[in-house]
Amino acid sequence: MTIALSLVAAGLVALVVGGDVLVRGAVALAEKAGVSALVIGVVIVGLGTSMPELVTSIEAALAGAPAIAWGNIAGSNIANSLLILGAAALVAPIAIASRNRWRDPLVALGASVIVLALAASDVGSAPLGLVLLACLAGYIAYCYREERLARPASVHNAPFDRAQALELTDTHLHDLRNGWAKPILLTLVGLGVLIAGGRMLVLGAIDLARMAGLTETLIG
């Protein structure tokens, strides 16, 4: 029990640290390569901050524990929708004045309906995974095109707003400006720590589920 709990705790810490280091390195690499701020904000920062969940789910699937991956997906979305939104609303009123305020919630609702349909139909395969990834790529391309065509002040989409929120809370995100070595090292180290953290978390979670008699989905 002690070893399993230690693995879970160490894995969680590694995921947080690795995700932060990976995002910093990736942003610095993109800036050195001359990638536009739009791509950095929408793709690198937006997807980079989701890497801990992605790595954890992939490690769970590779470890033969897909229920943990499923529980991680469901739990993460529940926390994002209820815990984070609820806690933020306690701090200050959340007012959305954008004329496009319905678009991203509708996309999120559509994604949730897809998850519900997958759970109800018990269907999962590599081709389906490719279709879901294609849908994500299409949404990102749409957001990128919208930002390119719209005035900066009028841009309000989920990836853009998420990147803005991260930059407001992390004022040192763009500090790495000289040379390639440090950004490359940070990116590789961040990815390595993420993978190690995901593996430790999954192994500890599997052991906890077995010892406590809980389902892997609940642990996830």
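All values reported here derive from a predicted model rather than from experimental measurement. (Residues numbered from 1 in each chain as written. Predicted model: local features only at pLDDT ≥ 70, side-chain atom pairs only at ≥ 80, totals over all residues. Heavy atoms only, no water.)

## Digging into the overall build of the protein chain
When helices and strands are counted, the protein chain shows nine helices and zero strands. Its helices and strands in sequence order give the protein chain the pattern α-α-α-α-α-α-α-α-α, from N to C terminus. Within the span of the protein chain, comprising 220 residues, buried residues form 30% of the whole. When contacts within the protein chain are restricted to residue pairs at least 6 apart in sequence, long-range pairs at least 24 apart make up 77% of them. Taken as a whole, the protein chain presents about 13,400 Å² of accessible surface, with 72% of it coming from carbon and sulfur. (Helix = DSSP H or I, 4+ residues; strand = E, 2+ residues; numbered from the N terminus. Buried < 20%, exposed > 50% of the residue type's maximum accessible area, 1.4 Å probe, protein only. Contact = heavy atoms within 4.5 Å. Areas by Shrake-Rupley, 256 points an atom, 1.4 Å probe, with all protein chains shown as cover.)

## What about the packing of helix 1 (residues 2-32) against helix 8 (residues 181-212)?
Helix packing geometry: the angle between the two helix axes and the distance between the axes. Between helix 1 and helix 8, the least distance of the axes is 6 Å, while the angle of their chain directions is 155 degrees. When the interaxial angle is binned, helix 1 and helix 8 end up roughly antiparallel. Relative to helix 8, helix 1 is oriented so that their crossing is left-handed. (Axes fitted to C-alpha atoms, helices over the stretch in contact; angles between N-to-C directions. Parallel < 35°, antiparallel > 145°, perpendicular 65-115°, else oblique. Left-handed = near helix turned anticlockwise from the far one by under 90°.)

## Side note on the side chain of Thr 56
Tracing the backbone through its elements, the reader meets Thr 56 in helix 3 (residues 51-62). Taking the relative accessible area as the measure of exposure, Thr 56 reaches 5% and is therefore buried. At 2.8 Å, the side chain of Thr 56 forms a polar contact with the backbone oxygen of Pro 52. Thr 56 has contacts with Leu 15, Asn 72, Gly 198, Leu 201 and Val 202, leaving out every residue within four places of it along the chain. (Polar contact = N/O pair within 3.5 Å; in protein donor to acceptor, adjacent residues only side chain to side chain.)

## Brief notes about the pattern of salt bridges
Here the idea is simple: oppositely charged side chains can pair when their charged atoms come close. Under the defined criterion, the tally for this structure stands at one salt bridge. As a salt-bridge pair, Arg 199 and Glu 59 come within 3.2 Å of each other at their nearest N and O atoms. In this pair, Arg 199 is assigned in helix 8 and Glu 59 in helix 3, connecting sequence segments 140 residues apart. For Arg 199, a relative accessible area of 46% translates into the label partly exposed. (Salt bridge = Lys/Arg side-chain N within 4 Å of Asp/Glu carboxyl O.)

## With respect to the packing of helix 3 against helix 4 (residues 66-91)
Two numbers describe how helix 3 lies on helix 4: the axes approach to 7 Å, and their chain directions differ by 160 degrees. The angle between helix 3 and helix 4 places the two elements in the roughly antiparallel class. When helix 3 is examined against helix 4, the residues Glu 53, Thr 56, Ser 57 and Ala 60 are found in contact with a partner set consisting of Pro 66, Ile 68, Ala 69, Asn 72, Ile 73 and Ser 76. When the residues that make up the contact of helix 3 with helix 4 are grouped by side-chain class, the tally is five nonpolar, four polar and one charged. (Nonpolar A, V, L, I, M, F, W, Y, C, P; charged D, E, K, R; others polar.)

## Some details on a nonpolar patch on the surface
On the surface, a nonpolar cluster with roughly 380 Å² of combined accessible area is contributed by Leu 47, Leu 130, Leu 133 and Leu 136. Ranked by the residues each element gives to the nonpolar patch, the list is headed by helix 6 (residues 126-149), at three residues. Mapping Leu 136 onto the fold places it in helix 6. Overall, Leu 136 belongs to the partly exposed group, its relative accessible area being 38%. (Patch = residues over 30% accessible without salt bridge, like charges linked within 9 Å, V, L, I, M, F, W, Y side chains within 5 Å.)

## A short note on the environment of Ala 212
Along the chain, Ala 212 falls in helix 8. A residue is classified by how much of its surface remains accessible, and Ala 212, at 45% relative accessible area, is partly exposed. In this structure the C-alpha to C-alpha distance between Ala 212 and Met 1, which are 211 residues apart in sequence, comes to 9.1 Å.

## A few points about the side chain of Ser 57
Structurally, the position occupied by Ser 57 is in helix 3. For Ser 57, a relative accessible area of 13% translates into the label buried.

## With respect to helix 1
Relative to the 45 Å expected for 31 residues at 1.5 Å per residue, helix 1 spans 44 Å between its end C-alpha atoms, a close match to the ideal helical length. Positive backbone phi, at 80 degrees, marks Gly 34, one or two positions downstream of helix 1. (Expected span 1.5 Å × (residues − 1).)

## Here's the deal with the nonpolar core
Residues Ala 4, Val 8, Leu 15, Leu 22, Met 51, Val 55, Leu 194, Leu 201 and Leu 208 constitute the largest nonpolar core, which totals nine residues. Of all the secondary structure elements, the ones that give two or more residues to this core are helix 1, helix 3 and helix 8. Here the element with the most residues in this core is helix 1; it accounts for four residues. (Core = buried A, V, L, I, M, F, W, Y, C linked by side-chain atoms within 4.5 Å.)

## Describing helix 5 (residues 103-121)
Each turn of an α-helix holds 3.6 residues, which means side chains three or four residues apart point in the same direction. With 19 residues, helix 5 extends 27 Å between its outermost C-alpha atoms, agreeing within 8% with the 27 Å of an ideal straight helix rising 1.5 Å per residue. Along helix 5, the residues classified as buried are Arg 103, Asp 104 and Leu 118. The buried side chains of helix 5 occupy one side of the element, clustering within an arc of 100 degrees when seen end-on. Opposite the packed face of helix 5, turned more than 90 degrees from it, sit the exposed residues Leu 106, Leu 116 and Ala 120. Positioned one or two residues after helix 5, Asp 122 has a phi angle of 60 degrees, which is positive. (Arc of directions from axis to C-beta.)

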